Amino acid sequence: MSDKIQSVPGMSDLLPAHSSLWQVIEQMARQHFAVYGFSEIRVPLLEDTKLFARGIGEATQVVSKEMYTFTDRGGDSITLRPEGTAGVVRAYVQHSLHAQEPINKVYYLGPMFRYERPQKGRLRQFHQIGAETFGANSPTSDAEMIILVDRLVKRLGIDSYQLQINSLGSHEERKPFMEKLTQLLLGFKNQLCADCHKRLEKNPLRVFDCKNASCQALTKNAPTLLEVLGPESKQHFEAVCCQLETAGVAFVINPRIVRGLDYYEQTAFEFISDKLGSQSAFAGGGRYNRLVEELGGEPTSAVGFAIGMERLVMLVDANRETNPLFTQKNRGVFLASFDEADRIIARQLVQVLRDAGIRAEADFEPKSIKSQMRRANKQGFRFVAVIGENERLSQTVALKDLESGMQTSVAQRELVEKVKL
Ligand code: HAM
């Protein structure tokens, strides 16, 4: 026997037992996006490496350490997308979407790739549900994004989470602040961890993001961007907060949120849950008003978010037992039969039911009635229709409702009507 080939570390299979939960979430997300006026966009998994280097920032951990970059057969450097925003912005610019609509609201679902150390909730191929709004600078568009995520998460039955928001100010407001912060951090450079030394050189704001308790203690009293916001940024941030309050979205302001990608300014937010272990953020996003221009487009305001699907599934799974979305039994009819003559009828009825859009199944091979009943139960069928000699001759089925336990005799030609609930 040859060696078994294993999947690549950090890249998981989604097996049939779990795929239905993913489908429920994806369908609900699509419905939700439609209600909020978003249309789907699908962009390639592979892009020119330059797109991410320029879009996300050379200095970020994602670009400097985590990208799957390789040279293709034509000698071009291409990269598996580590996130969705850069590719969507590239498509927005390439197809001049702004010329068709002043405001574009798009969403996407799909795999992303980051060469991170795999652990619970952290994969090398993971999936995001994301959305971007282009062409709106109103705080209402920031609030709309955050409310959308909050409501979707609630509809999925997730209740224990926290929304943290911050304002990173504008690019101009950040410059003098960064200089001041660098000076301050240099004062106790020796006490910072090795990673923070690098952060200090590349982007001192990231020091706020350090998970190391001693670095956190050192920066506890450092000034934050929130304190130096200019009147416009301040007003914008206050308006976002006010609209969240009006919509009944609970949040805390966390001035230490800086996000791991370089394109953000103004609003930044993360949804956190303590049920996820150390990888506690299950969604994140914010405003990025300069990225479209940096990638060759007209100056365009933009705001977006992405939810990590695997982490969302972990949260939904955590209270699956009590979640009404998932306690519903699978509908449909299992056709059980005794001998070959009955099986012919069972096969015909399976087709009639399927043609009517009703889930129906019968065993391929002859099996005992007991084994057929077991399968019907295991696979979550609502009904079992038994066909034996009596039923064959009287053109009926013995229809058992597995939910109520009731059994009735039903004419074969009335079966579709009877099980259509
Ligand atoms: P992000 O915070 O890098 O933002 O990722 C969003 C979410 O993706 C995270 O909150 C997390 O749930 C999930 N995620 C990230 N890395 C992994 C991983 N290695 N394994 C499992 N899940 C992961 C973005 O990607 C931005 N593009 C969001 C955005 C859209 N901002 C504006 N528009």
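Everything numeric here is computed off the predicted structure, so don't read it as measured data. Residue positions are counted from 1 within each chain, in the order its sequence is given. Two thresholds apply to this predicted model, a pLDDT of at least 70 for residue-level local features and 80 or more for giving and counting side-chain atom pairs, whereas whole-chain, interface and lining totals are computed over all residues. Computation of side-chain values covers all heavy atoms of the structure but excludes hydrogens and water.

### Details of the packing of aromatic side chains
- In this analysis, rings of Phe, Tyr and Trp, with Trp reduced to its six-membered ring, are considered paired at centre separations within 6.5 Å, and the interplanar angle assigns stacked below 30 degrees, edge-to-face beyond 60, and tilted for intermediate values. By the definition in use, this model includes twelve aromatic pairs.
- One aromatic cluster is present, formed by Phe33, Phe38, Tyr107 and Phe305 through successive ring pairs.
- The ring of tyrosine 115 has arginine 124 lying over it, and the distance from NZ or CZ to the ring centre is 3.8 Å.
- Positioned above the aromatic ring of phenylalanine 381 is the side chain of arginine 359, whose terminal nitrogen or guanidinium carbon lies 3.8 Å from the ring centre. Put simply, a charge is over a ring when the Lys NZ or the Arg CZ is close to the ring centre, within 6 Å, and near the line of the ring normal, within 35 degrees.

### Considering helix H1 (residues 16-35)
- Comment: elements are numbered from the N terminus, with helices defined as DSSP H or I runs of at least four residues and strands as E runs of at least two. For a helix, the expected span equals 1.5 Å multiplied by the number of residues minus one. When the terminal C-alpha atoms of H1 are compared, their 29 Å separation across 20 residues agrees well with the 28 Å that a helix rising 1.5 Å per residue should span.
- Only protein chains enter the accessibility calculation, which uses a 1.4 Å probe. A residue is then buried if its area is under 20% of the maximum for its type, exposed if over 50%, and partly exposed in between. Considered for burial, the residues of H1 that qualify are Leu21, Trp22, Ile25, Met28, Ala29, His32 and Phe33. Looking straight down H1, one finds that the buried residues subtend no more than 140 degrees of arc, so they occupy a single side. Facing away from the buried side of H1 by more than 90 degrees, the exposed set consists of Pro16, Gln27, Ala34 and Val35.
- Count one or two residues on from H1 and you reach glycine 37, which has phi positive near 80 degrees. The arc in question is the one spanned by the directions pointing from the helix axis to the C-beta atoms.

### Quick look at the site of the ligand
- To be near a molecule or strand, a residue needs just one of its heavy atoms within 4 Å of it. Inspection of the region around the ligand gives 26 residues, with Glu83, Glu116, Leu123, Glu132 and Tyr264 positioned closest.
- Measuring from a nitrogen atom of the ligand, one finds a side-chain N or O atom of tyrosine 263 at 3.0 Å.
- In protein, a polar contact requires one atom able to donate a hydrogen and another able to accept it; more generally it is a pair of N or O atoms within 3.5 Å, and residues adjacent in sequence count only if both atoms are side-chain atoms. One nitrogen or oxygen atom from the main chain of phenylalanine 305 is found 3.3 Å from a nitrogen atom belonging to the ligand.
- Secondary-structure elements contributing two or more residues to the shell around the ligand are strand E6 (125-134), strand E10 (281-287) and strand E11 (302-308).
- When residues in the shell around the ligand are grouped by element, the largest group, five residues, is from E10.
- Here the nonpolar group is Ala, Val, Leu, Ile, Met, Phe, Trp, Tyr, Cys and Pro; Asp, Glu, Lys and Arg are the charged ones; every other residue, Gly included, is treated as polar. Of the residues that constitute the shell around the ligand, the class distribution is twelve nonpolar, seven polar and seven charged.

### Considering the pattern of salt bridges
- When a carboxyl oxygen of Asp or Glu lies within 4 Å of a side-chain nitrogen of Lys or Arg, that pair is called a salt bridge. A full pass over the atoms with the stated rule returns 23 salt bridges.
- Taking the shortest distance from any N to any O, the salt bridge between glutamate 47 and arginine 90 comes out at 2.7 Å. Taken together, the residues span a long stretch of sequence, with glutamate 47 in strand E2 (residues 46-48) and arginine 90 in helix H4 (residues 85-94) at a distance of 43 residues.
- Among the residues examined, glutamate 47 registers a relative accessible area of 7% and is labelled buried.

### Some points on the pairing of E10
- Burial runs high along E10: six of the seven residues are buried.
- In the sheet, strand E9 (residues 267-272) pairs with E10 via five bridges, with the strands oriented antiparallel. Of the residues in E10, the one forming a bridge with alanine 268 is glycine 286. Here, strands pair whenever DSSP counts at least two bridges between them.

### Thoughts on the nonpolar core
- In this structure, Phe134 and Leu192 are the most contacted members of the largest nonpolar core, which totals 49 residues.
- By residue number, the principal contributor to this core is H4, which donates five residues.
- Note on definitions: a residue-residue contact is assigned when non-hydrogen atoms from the two residues lie within 4.5 Å. When residues no more than four places from it in sequence are discounted, the contact partners of phenylalanine 134 are Val88, Val89, Tyr92, Pro102, Ile103, Asn104, Val106, Tyr288, Val292, Thr300, Ser301 and Ala302.
- The nonpolar core is taken to be a set of buried Ala, Val, Leu, Ile, Met, Phe, Trp, Tyr and Cys residues, with the residues joined through side-chain atoms within 4.5 Å. In terms of nonpolar packing, the next biggest core, distinct from the first, is built from 43 residues, Leu21, Leu156, Phe305 and Val313 among them.

### A look at the pairing of E9
- Most of E9 is tucked away, with six of its six residues classed as buried.
- Both faces of E9 are covered, namely the face carrying Thr267, Phe269 and Phe271 and the face carrying Ala268, Glu270 and Ile272.
- The sheet contact formed by strand E7 (residues 162-167) and E9 spans six bridges and is antiparallel. When the sheet's bridge partners are listed, leucine 163 is paired in E9 with phenylalanine 271.

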